[in-house]
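Tertiary structure, described
Here are the chains, one letter per residue:
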Number of protein chains: 2
Amino acid sequence: MHGTATPAYDHLHALNLRLHRLGHLAAIAGWDQAANMPPKGNEARAAAQAELAALMHGMRTDPALAEVFARAGDEPLDAGQRANQAETEREWRLATALPAALVQRRQLATARCEHAWRQQRPANDWAGFLVNFREVLAVAREEAALLAEQSGLSRYDALMDRFEPGMRSVTVDRLFGELRQWLPGLIASVVERQRTRDAAAPPLEPAGPFAVDAQRRLCDQVMRLLGFDFDAGRLDVSTHPFCGGVPEDVRMTTRFRDDEFLGSLMGTVHETGHGRYEQNLPRPWLGQPLAQARSMAIHESQSLAFEMQLGGHAGFVARLAPLVSAAFGPQPAFEPANLARLMTRVKPGLIRVDADEVTYPAHVILRYEIERPLIEGEIEPEDIPALWDAKMQELLGLDTRGNFRDGPMQDVHWPEGLFGYFPCYTLGAMYAAQWFAAMRRELPDLDARIAAGDLQSVFDWLGERIWSQGSRWSTDELVRRASGESLNPAHLRAHLERRYLGQ
Amino acid sequence: MHGTATPAYDHLHALNLRLHRLGHLAAIAGWDQAANMPPKGNEARAAAQAELAALMHGMRTDPALAEVFARAGDEPLDAGQRANQAETEREWRLATALPAALVQRRQLATARCEHAWRQQRPANDWAGFLVNFREVLAVAREEAALLAEQSGLSRYDALMDRFEPGMRSVTVDRLFGELRQWLPGLIASVVERQRTRDAAAPPLEPAGPFAVDAQRRLCDQVMRLLGFDFDAGRLDVSTHPFCGGVPEDVRMTTRFRDDEFLGSLMGTVHETGHGRYEQNLPRPWLGQPLAQARSMAIHESQSLAFEMQLGGHAGFVARLAPLVSAAFGPQPAFEPANLARLMTRVKPGLIRVDADEVTYPAHVILRYEIERPLIEGEIEPEDIPALWDAKMQELLGLDTRGNFRDGPMQDVHWPEGLFGYFPCYTLGAMYAAQWFAAMRRELPDLDARIAAGDLQSVFDWLGERIWSQGSRWSTDELVRRASGESLNPAHLRAHLERRYLGQ
């Protein structure tokens, strides 16, 4: 009966499943490329991935689908099917939005820019970078104009909507505008407070080296503590850590240095948040857009829930400390209180990816305030350095003049043409704080539970409210259903103030 | 001009390239499944591989291709293109030969039989095995009948032709018939000779344990010694060692036990032979059938050239010995002469995959003499055990009555429906001996070169005569061009007699 009453929907359902299965191979091959592939495999791998991508693109953009979507709209679908059909249509619109020639130009421009950037960044060669970056930006603006025309959104919003459906710059302006009011003051207070405390009694530094084997085992243990299912995923090593693979087989990566272990440990905690979201997306819908993660900010909210909300939590650190001691042998620096101090050190710095949770939003606000007008055509690439310098001074009190390498050239996003992505990081931090605020309202003893080693309450809450919901609801509805209110940046502020200025 | 004078050929060329690229992803995902995949990934991986396989099968069997092949036949192709077109057509004929329903029945029957066999074999449950095996055989016979009808070959030959194009059972009968004349006598002489020598002075047994890390490094070193390009391949661990991946990125696997190292070391040497063949197939033709390995026997001749011809060679063992000592610390058992004795021990046994190079052909002859009449309908599955017992007694002097587990149930080939494959192993051993005989004629100082550590002469010969030729020639022509004569089993006999009965 299902097969007869909704033939158009069934057609879309089957197509989604085929794309999911082919996408599985692309995901595993992509992970392999980062984690295993020897250098001479690169060209053949790129050709193989491009072949499959073209094939999948052809399946996604089949002109006959317009008619199928129209017919599915008239079919008697239940609420889940309706939501799935809407998500399928959203993906189809994005896939068909851009002419092939533009997609190819983007591919060429970003590949050239990123490739050159790998040499230009260490050489601090801003002028050289600009040559390629202008073309990347030109393509991105064309893309944005086309998407804006089709969606009725502003150009920047049309780009951001690909990563964060439903989010608009008017909202980001309001959220980040609020943040901008109190963040520099908070940073100053925290830095001063930590300076005073450190002057009286500096935290103890762990003494290395930290054997990579021991770090690897420690990461495995902490992933188990965080509920990662090793029967449905792995941890491997790659230059740039990521969480890839497929929901049925999550492939996380990290990297190790033997003079430092907190970086890869907390990086692993971060990726485990992504990994558990993927491992716990709604099984009955797997293979359908409905079973995909809701958005990049929601994804980031899971990694930051693990890395920041749990990661710096005194109760969680108390669970971590004995594992660290067991891994490397006991040291006074591994005492829970000292470890917690190390994990919550705040220091304004030039590099976003090295930033702590207090200063991180400043890096994101700065980028958002530059890339939005850049896409809207209000500023040009030449204007970036002066804006960057001014905003770094304003937000973090740092002088970055002439240092392009650790300034506007530090991230891969712009060379890759990824405009509209940066806000997701800080939206994710806000969501993560909001999840924990909601959990504490519902479970007043949450912190005691965590301190007692009961992380299951956290996993249950996230699993029920976020992971298992996939893309069933719009982001705003997901957030309201999960936490009782729309995104509210007050929770991030309260979290930071309590952790960094509380007693 | 090329694009206009030969449009049909160009079409086939482009199709081959697309299939090669998609096959790349299937190969890497297949390797990953064996080497990395956690258990819960299995179902999704199988579905993904099946989806891609169906898609590729559709591309390969597009009915419009018949017309393209017809037109390509009239186009002005050069000799290489003509050979490539012929190989492409051969693959197309194989892909289109069987109706989809039969392919699906085979898939189901072999999956069921193999799955049950994994439990039935340890339980020695021949009766249970027969239930599923009858269906596997029924499907294989149907397949053989269809292929025979289309090709004009006998049924068994039609199956064998998929693995060993051009080889016919009349030839195998002759080759194996000769072997049968002298092999049992040779085995008896060698066993007696080794017994006498061992009684006088038994070889020293290496003392374990052998750390897996050290074994892993040793395998890496030996692969480098054998010229494996680690920039275009890897060695990993899997339950069943194999050589997979793609020519541009060869993925070899091995397995380690800490109480024994020669097994995985020589297994790695074996797979390195396969690996170097793949890594050195003709680059300009890569992606075309012309650039594929000629046949399974020729492939096996490369692994056996490495494992058997080089592996037991006193000169080569002298190069290996210091690496073994360095890996595990010196032991008297690692002296070259002792190591060579360990590596050339001959002992008739029940298990094919554990057999030495002298007794191995007996296992293959036995299987060939059973599976050929089985496919031709001259015997039935019920007849196997008695035949097996009789032939084991005849060829190896072993009593196997009632031991199905280590008898006809020991190999995965029959449960998987792989009939016509077994002869390739011993044909490969014959080819390998023939290569070295030809090398010695051309390079009279070959053995001195090997003893002096010059393996390059061997690699150059194989590279020029075999690897770089891909599927340019029929197997017989390849063999004649490489060695000056058609396959001649006298070389295997001479090799075994010299190594095992020489002074």
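Bear in mind that the values here come from a model prediction, so they are computed numbers and not experimental data.

1. A closer look at the overall build of chain A
Of regular secondary structure, chain A possesses 21 helices and three strands. The C-alpha radius of gyration of chain A comes to 23 Å, within 12% of the 23 Å expected for a compact globule of 503 residues. The principal-axis extents of the C-alpha atoms in chain A amount to approximately 70 × 55 × 50 Å. Expressed as a percentage of the 503 residues in chain A, the buried residues total 43%. For chain A, restricting intrachain contacts to residue pairs at least 6 apart in sequence, the fraction spanning at least 24 positions comes to 74%.

2. Side note on helix H19 (residues 456-465) of chain A
Side chains of residues three or four places apart in an α-helix project in the same direction, reflecting 3.6 residues per turn. Residue and element names in this part refer to chain A. If you check which residues of H19 are buried, you get Val458, Trp461 and Leu462. Here the buried residues of H19 occupy an arc of 90° about the axis, which is enough to place them on one side. Of the exposed residues in H19, those oriented more than 90 degrees away from the buried face are Gln456, Asp460 and Glu464. Tucked inside the fold, the buried residues of H19 contact helix H12 (296-310) and helix H17 (423-442).

3. Some remarks on the relation of the copies chain B and chain A
The two copies are related by a screw operation: chain B maps onto chain A through 180° of rotation and 0.0 Å of translation along the axis, at an RMSD of 0.0 Å. Overall, the copies show the geometry of a two-fold rotation axis.

4. Structural notes on the sheet that holds strand S1 (residues 233-237) of chain A
In sheet architecture, strand pairing relies on hydrogen bonds along the backbone and comes in two forms, parallel and antiparallel. All names here are of chain A. In space, the three strands of this open sheet follow the order S1-S3-S2, with mixed pairing throughout. At either end of the open sheet lies a strand with only one pairing partner, and these are S1 and strand S2 (243-246). For this sheet, the mean inter-axis angle between neighbouring strands, taken without regard to orientation, is 20°. Bridging between S2 and strand S3 (residues 249-254) involves four bridges; their strand directions are antiparallel. By the bridge assignment for S3, glycine 244 is matched with arginine 251. Sheet contacts for helix H11 (residues 262-279): S1, S2 and S3; angle to S3, the most-contacted strand, approximately 165°.

5. Regarding unusual backbone geometry
All names here are of chain A. Here the residue pair glycine 208 and proline 209 is connected by a cis peptide bond, since its omega of -5° sits within 30 degrees of zero. You can see proline 209 is positioned in the loop between helix H9 (169-200) and helix H10 (212-225). One non-glycine residue, asparagine 124, adopts positive backbone phi at about 60°.

6. Focus: the interface of chain B and chain A
With 27 residues of chain B at the interface, the matching set in chain A holds 27 residues. When contributions to the side of chain B that touches chain A are tallied by element, the ones reaching two or more residues are helix H2 (7-35), helix H3 (42-60) and strand S1 (233-237) of chain B. Top contributing element to the side of chain B that touches chain A by residue count: H2 of chain B, with eight residues. In terms of residue class, the side of chain B that touches chain A is built from 14 nonpolar, four polar and nine charged.

7. Things to note about the pairing of S3 of chain A
All names here are of chain A. Counting buried positions along S3 gives six out of six residues, so the element sits mostly inside the fold. Bridge analysis of S1 against S3 gives five bridges, and the strand direction is parallel. Residue aspartate 236 lies in a different strand from S3, and its bridge partner there is threonine 253. Between S2 and S3, which pair antiparallel in sequence order, lie two residues.

8. Description of the sheet that holds strand S2 (residues 243-246) of chain B
Residues and elements named next belong to chain B. Strand order in the open sheet formed by three strands is S1-S3-S2, with mixed pairing between adjacent strands. Each edge of the sheet is formed by a strand with only one pairing partner; in this case those strands are S1 and S2. With strand direction ignored, the average angle separating the axes of adjacent strands in the sheet is 20°. The sheet strands contacting helix H11 (residues 262-279) are S1, S2 and strand S3 (249-254), and the helix crosses S3 at an angle near 165°.

9. Re the nonpolar core
Counting 107 residues, the largest nonpolar core has Tyr431 and Ala432 of chain A as its most contacted members. Apart from residues no more than four positions distant in its own chain, tyrosine 431 of chain A is found in contact with Ala297, Ile298, Ser301, Val479 and Leu487 of chain A. Phe306, Leu320, Ala327 and Leu396 of chain B belong to the second-largest nonpolar core, a separate cluster that totals 106 residues.

10. Some remarks on the packing of helix H9 (residues 169-200) of chain B against helix H15 (residues 360-376) of chain B
Residues and elements named next belong to chain B. Running from N to C, H9 and H15 cross one another at 135°; their axes reach a closest spacing of 11 Å. Relative to H15, the element H9 is oriented oblique. The interaxial crossing formed by H9 with H15 has left-handed handedness. Of the residues in H15, those touching H9 at Ser169, Val172, Phe176, Leu179, Arg180 and Leu183 are Pro361, Ala362, Ile365, Tyr368 and Arg372.

11. Structural notes on the packing of helix H8 (residues 155-163) of chain B against H15 of chain B
The description of two packed helices rests on the angle between their axes and on the distance between the axes. Residues and elements named next belong to chain B. Put simply, H8 and H15 touch, their axes get as near as 8 Å, and they point 120° apart. Here H8 lies oblique to H15, going by the angle between them. Packed against H8, whose contacting residues are Arg155, Tyr156 and Leu159, the element H15 presents Arg372, Ile375 and Glu376 at the interface.

12. Section: the environment of proline 444 of chain B
Tracing the backbone shows proline 444 of chain B in the loop between helix H17 (423-442) and helix H18 (446-451). When the 9 C-beta atoms within 10 Å are taken as the criterion, proline 444 of chain B is described as exposed.

13. Some points on the environment of glycine 453 of chain A
By the element assignment, glycine 453 of chain A lies in the loop between helix H18 (446-451) and H19. Taking the C-alpha atoms as reference, glycine 453 of chain A lies 7.3 Å from phenylalanine 316 of chain A; in sequence the two are 137 residues apart.

14. Observations regarding the environment of arginine 283 of chain B
All names here are of chain B. Mapped onto the secondary structure, arginine 283 falls in the loop between H11 and helix H12 (296-310). By the C-beta count within 10 Å, which is 11 here, arginine 283 ends up exposed. Spatially, the C-alpha atoms of arginine 283 and glycine 470 are 9.6 Å apart, while their sequence positions differ by 187 residues.

Basis of the calculations
Residues numbered from 1 in each chain as written. Chains lettered and ligands numbered in written order. Predicted model: local features only at pLDDT ≥ 70, side-chain atom pairs only at ≥ 80, totals over all residues. Helix = DSSP H or I, 4+ residues; strand = E, 2+ residues; numbered from the N terminus. Rg over C-alpha atoms; globule rule 2.2 N^0.38 Å. Buried ≥ 20, exposed ≤ 12 C-beta atoms within 10 Å, placed from the backbone. Contact = placed C-beta atoms within 7 Å. Arc of directions from axis to C-beta. Least-squares fit on C-alpha atoms with pLDDT ≥ 70 in both. Pairing = 2+ DSSP bridges. Axes fitted to C-alpha atoms, helices over the stretch in contact; angles between N-to-C directions. Nonpolar A, V, L, I, M, F, W, Y, C, P; charged D, E, K, R; others polar. Core = buried A, V, L, I, M, F, W, Y, C linked by C-beta atoms within 7 Å. Parallel < 35°, antiparallel > 145°, perpendicular 65-115°, else oblique. Left-handed = near helix turned anticlockwise from the far one by under 90°.

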